[in-house]
Amino acid sequence: MAKKNIRTRSKIKKAQAMIQAKQYTEACELYEKICAQDKRDADSWKTLGSLYGMLRQHDRALEALRKSIELRPNNASAQYNFGIALREQGKYAEAWRAFQKAFSLDPNNTEIGNSLAHICITLKKQDEAIETFKKLLVIRPDHPETLVNLGTVYQAQGKLGDAIACYHRAHAIKPGVGFENLGAALSSQGKFTEAIECLKEGLKSDPGNQRAFSNVLLTLNYAPDTRQEDVFAEHRQWQNQDGKNIKIREHGNTREPDRRLRIGYVSPDMRAHSVASFLEPLLAAHDSSVVEIFCYSSVPHPDSVTERLKTLSHQWRDISRKHDANIISQIRNDQIDILVDLSGHTSNNHLTVFLHKPAPVQVTWLGYPNTTGLDTIDYRFTDALADPEGQDAFHTEKLYRLPDCFLCYQGLE
């Protein structure tokens, strides 16, 4: 028996060296052999589960970690890794219970606490998220990221004063941190000029942050005493952040006159959101004999509205966890003829995808009351009331004015 233990320890040492060298596949194979030889080694099952998780084999990760927990229920690390595997599979309620258990076993572990707080946010358990972030601040009173996270939950609850106090405290510790959140909170208070100043100041230390730049542009739509030509000039600058050296590739779309047009809609708001109330009747009214509908949905947590919109599309693409290069490749492979942006410069937009012009015709519509400032978007759908004659000079897109009204609202059922 002692001889076997020596061999096992030697294998474990070798496997750990593989992990240090980031040879995860090889380490995983060796740990499989170790666990097969000693089925009651809780630590080895835990490590095997973690390796499966790193290799994105989440079903196997859950099985291995469950065995580890059965052998040693009060191992905080195993419970935590079990929660991660559940979270990666979208089993958020189960992950929350695992993180709760792990944090109760190791209440000073900030990594576990942070994961618990964020899963609470996902599950809309905002009060529990706040309490968890407060516990983390007892452990690390001057941790700026935790302060920003706490402020974000307060902001979601409409407690803007508490949120802003958190952001200011974080900024005092680490200048520049959370400036986007602070700008959004000030904007929600109607302090648009202060919000713009805050965002622009933050951009000085993070000049390539196009998301923050989009927030500046969005806020300019509400700021008083702004000249239209100045707002347009700011919008034109957004493209210069990332679009200067992009080469537009030719499109391989076929030109048969009788085939169905492929129309792609891109949005982070294909969920219980005002945009969906205008999009749904449009999708329902499309003639499927003439057009094929592709929805590129950037919704990490789908809801019943998401499921309803799915039924109205011919092809559904979840892009919530994809990088721009993958999204661009997907759109090109789908051979989309007309790509429609539904966000403009609102939150979580994908205008950086539109910069690459993955479709031969690109349109912006619905979600933003101004130009995108992009040369690669050909049209903006509007009407004569939203954009009267004389507004064309302040748009990079050609204004296509629909008769009567450019949108149709579907009320709540």
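See the structure shown above.
Now for a description of the structure that goes with this document. (Residues numbered from 1 in each chain as written. Predicted model: local features only at pLDDT ≥ 70, side-chain atom pairs only at ≥ 80, totals over all residues. Heavy atoms only, no water.)

1. Thoughts on the environment of Asp106
Its place among the elements puts Asp106 in the loop between α6 (92-105) and α7 (110-122). C-alpha of Asp106 to C-alpha of Tyr80: the two residues are 26 residues apart in sequence and 9.9 Å apart in space. Apart from the residues lying within four places of it in its own chain, the contact partners of Asp106 are Ala76 and Ile112. (Helix = DSSP H or I, 4+ residues; strand = E, 2+ residues; numbered from the N terminus. Contact = heavy atoms within 4.5 Å.)

2. What about the packing of helix α5 (residues 76-88) against α7?
The N-to-C vectors of α5 and α7 enclose an angle of 35 degrees; their axes lie 11 Å apart at closest approach. When you trace α5 past α7, the crossing you get is left-handed. Listed contacts from α7 to Ala76, Tyr80 and Arg87 of α5 are Glu111, Ile112, Ser115 and Ile119. Looking at the contact of α5 with α7 residue by residue, the class counts come to four nonpolar, one polar and two charged. (Axes fitted to C-alpha atoms, helices over the stretch in contact; angles between N-to-C directions. Left-handed = near helix turned anticlockwise from the far one by under 90°. Nonpolar A, V, L, I, M, F, W, Y, C, P; charged D, E, K, R; others polar.)

3. Quick notes on the pattern of salt bridges
Think of it this way: side chains of opposite charge can pair up when their charged atoms draw near. The final tally for this structure, using the stated rule, is 24 salt bridges. The partner of Asp269 in a salt bridge is Arg271, with the nearest N and O atoms 3.2 Å apart. Here the salt bridges do not stand alone but share partners, grouping Arg56, Arg87 and Glu88 into one network. (Salt bridge = Lys/Arg side-chain N within 4 Å of Asp/Glu carboxyl O.)

4. Quick word on the sheet that holds strand β3 (residues 315-318)
The seven strands lie next to each other as β3-β2-β1-β4-β5-β6-β7, forming an open sheet whose pairing is parallel. Lying at the two open borders of the sheet, with one neighbouring strand each, are β3 and β7 (398-401). Neighbouring strand axes in the sheet, compared pairwise and without regard to direction, differ in orientation by 25 degrees on average. For strand β1 (residues 261-267) and strand β2 (residues 291-297), the ladder comprises seven bridges, and the chain directions are parallel. Pairing of Tyr265 across the sheet is with Cys295, part of β2. Here helix α15 (residues 274-285) sits on the sheet and contacts β1 and β2; the angle it forms with β1, its principal contact strand, is near 170 degrees. (Pairing = 2+ DSSP bridges.)

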